[in-house]
Amino acid sequence: MDIDTRLLRYFAAVVEEGNLTRAAERLYISQPALTKQIRQLEAQLGVGLFVRSRAGMAPTEAGEALAAHAGAVLTAWERALRVTRGATTRAARTLRVGFVASAANEPTQLIIADFARRRPGWRVQMRQTEWTDPTAGLATGEVDVALLRLPVPAQSDFAVEVLLTEPRWIALPAGHRLAGEDRIRFQDLYDEPFVATPAKSGKWRDYWLAADEREGHPLRIGAVAHNPDEWLNAIAHGQGISLTPEATARFYQRPDVVYRPVTGVSPSQIGVARPHTQLDDAVNAFILSCRAVCSDGSLAAGLTMDG
């Protein structure tokens, strides 16, 4: 009997989380879709794998038996995939770097240039993903390393190093009642509709809605955006406002959207991330380049001022 490794990965996530909702967030799929996949696996095996209750999902005896081996199977398969893709990467001398939106801000091009000096003959292929995958392809193995806006779902699955910290600002339509303010309190925005990333982005969505920093005030979602263009259009058309990194004001300027500093929310971070099992020399060289460029605070400040 052949079992799709995707189903096995879904099963393992539910076992580890003990909860369908958390597992679905980690896997970037909806809870009904995850339930369907678990039932499909149970049908293929002809056994029940979980006992469902209000407390969560507990594996049956058969589920425990499968869980005892599933991790090793998945680890071996993921390692095989990475070795195979790594061989292709090395043969082509191409490093695949995933990113979301503005990558590492202005230092990005300097990081690429520094990497080129460390690895002559190599090139960097930047791959941008939509906001349904905050890991920028890292979770699915589509990239070798990624520049991420932290935090991301299942962040413990990756080796992450923080490179930059910057304030979160607020993006408003130009005609908004607070657009003329120099600085805005987050408390004054509690009742506003917000533009959110897709539900599939899980905890990343919650972070950019500041769901844990609203002092218990309920969220209002005015629109959902999958990428920067959808996000900007939703704000410009008055469908909602949105928290965003300070750098967005430099990278995504348009006359019908304004950006203002906001107080009362924690800052955001940019990190470089790789899977714990990814130990490729080219990836290590890229991480060294990230450290070298981003550790120069005066350089980053100069780039920001020039931008």
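Predicted model, so just to flag it, every value in this text is computed and none were measured. Starting from 1, residues in each chain are numbered consecutively following that chain's sequence as written. Per-residue local features of the predicted model are confined to residues with pLDDT of at least 70, and side-chain atom pairs are confined, for both listing and counting, to 80 or more; whole-chain, interface and lining totals are unaffected and use all residues. Water and hydrogen atoms were dropped before computing side-chain values, which therefore reflect all heavy atoms in the structure.

Chemist: When you look at the pairing of strand β2 (residues 56–59) in this model, what are you seeing that I'm missing?
Modeler: Both faces of the sheet carry side chains from a regular strand, because those side chains alternate between them. In terms of strand pairing, strand β1 (residues 50–53) meets β2 through four bridges, oriented antiparallel. Its bridge partner lying in β2, Arg52 is registered against Met57. Criterion used throughout: strands pair if DSSP finds at least two bridges between them. Secondary structure is summarised from DSSP: a helix means a run of H or I of at least four residues, a strand means a run of E of at least two, and numbering begins at the N terminus for each. Counted along the chain from β1 to the antiparallel partner β2, the turn is two residues long.

Chemist: Before we go on, may I ask you to explain the nonpolar core in this structure?
Modeler: Across soluble globular proteins, nonpolar side chains have a tendency to be buried as a group. Core analysis: the largest hydrophobic core is formed by 46 residues, its most contacted members being Ile170, Phe186, Leu189, Phe194, Trp231, Leu243 and Tyr259. Within the residue set of this core, elements represented by two or more residues are β5 (145–150), β7 (168–173), β9 (194–196), α6 (203–208), α7 (228–236) and β12 (257–263). The contact partners of Leu243, leaving out residues within four places of it in the chain, are Arg168, Trp169, Ile170, Phe186, Phe194, Trp208, Leu209, Ala210, Trp231, Val262 and Val265. Only buried residues count toward a nonpolar core. Its members are Ala, Val, Leu, Ile, Met, Phe, Trp, Tyr and Cys residues joined through side-chain atoms within 4.5 Å. Burial classification: accessible surface area is computed with a 1.4 Å probe over protein chains only, and a residue below 20% of its type maximum counts as buried, one above 50% as exposed, and the rest as partly exposed. The next biggest cluster of nonpolar side chains, apart from the first, holds 24 residues, and it includes Ala103, Val124, Val145 and Cys290. Whether two residues are in contact is decided by their heavy atoms: any pair within 4.5 Å suffices.

Chemist: Looking at this model, I keep getting lost on the sheet that holds strand β13 (residues 268–275). Mind explaining?
Modeler: Think of a sheet as strands paired side by side through backbone hydrogen bonds, with each pair either parallel or antiparallel. If you trace the five strands from one edge of the open sheet to the other, you get β4-β3-β5-β13-β6, paired in mixed fashion. Either end of the sheet is taken by a strand with one partner, and the two such strands are β4 (123–128) and β6 (158–166). Each strand of the sheet is rotated relative to its neighbour by a mean of 25°, with strand direction disregarded. Sheet topology places strand β3 (residues 94–99) next to β5; three bridges connect them, and they run parallel. Looking at the pairing, Gly98 lines up with Ala146 of β5. All axes are obtained by fitting lines to C-alpha atoms, using only the stretch in contact for helices, and the reported angles, taken between N-to-C directions, cover 0 to 180 degrees. Packing against the sheet, helix α5 (residues 107–118) makes contact with β3, β4 and β6, and its axis sits at approximately 145° to β4.

Chemist: Quick question: what am I supposed to make of the packing of helix α1 (residues 5–17) against helix α3 (residues 31–45) here?
Modeler: Helix packing for two helices is described by the angle between their axes and how far apart those axes are. The contact between α1 and α3 brings their axes to 9 Å, and the two run at 110°. Relative to α3, the element α1 lies roughly perpendicular. As α1 packs across α3, the resulting crossing turns out to be left-handed. Residues Arg6, Leu7, Tyr10, Phe11 and Val14 of α1 touch α3, and the partners they reach there are Leu34, Gln37, Ile38, Gln40, Leu41 and Gln44. Polar here means any residue other than Ala, Val, Leu, Ile, Met, Phe, Trp, Tyr, Cys and Pro, which are nonpolar, and Asp, Glu, Lys and Arg, which are charged; Gly is therefore polar. When the residues that make up the contact of α1 with α3 are grouped by side-chain class, the tally is seven nonpolar, three polar and one charged. Between 65 and 115 degrees an angle is taken as roughly perpendicular, under 35 as roughly parallel, over 145 as roughly antiparallel, and anywhere else as oblique. The crossing is said to be left-handed when, going from far helix to near helix, the turn is anticlockwise and less than a right angle, and right-handed when the turn is clockwise.

Chemist: Mind showing me how you'd approach unusual backbone geometry here?
Modeler: A negative phi angle characterises most non-glycine residues, just as the trans form characterises most peptide bonds. The linkage connecting Leu150 with the following residue, Pro151, adopts the cis geometry, with an omega of 0°. Tracing the chain through its elements places Pro151 in the loop between β5 and β6. Positive phi, close to 60°, is recorded for Ala101, a residue that is not glycine. Note that Ala101 resides in the loop between β3 and α5. A positive phi angle is found at Asn105, which is not glycine, with a value near 60°. Within the secondary structure layout, Asn105 lies in the loop between β3 and α5.

Any functional reading would require information beyond the geometric quantities listed.
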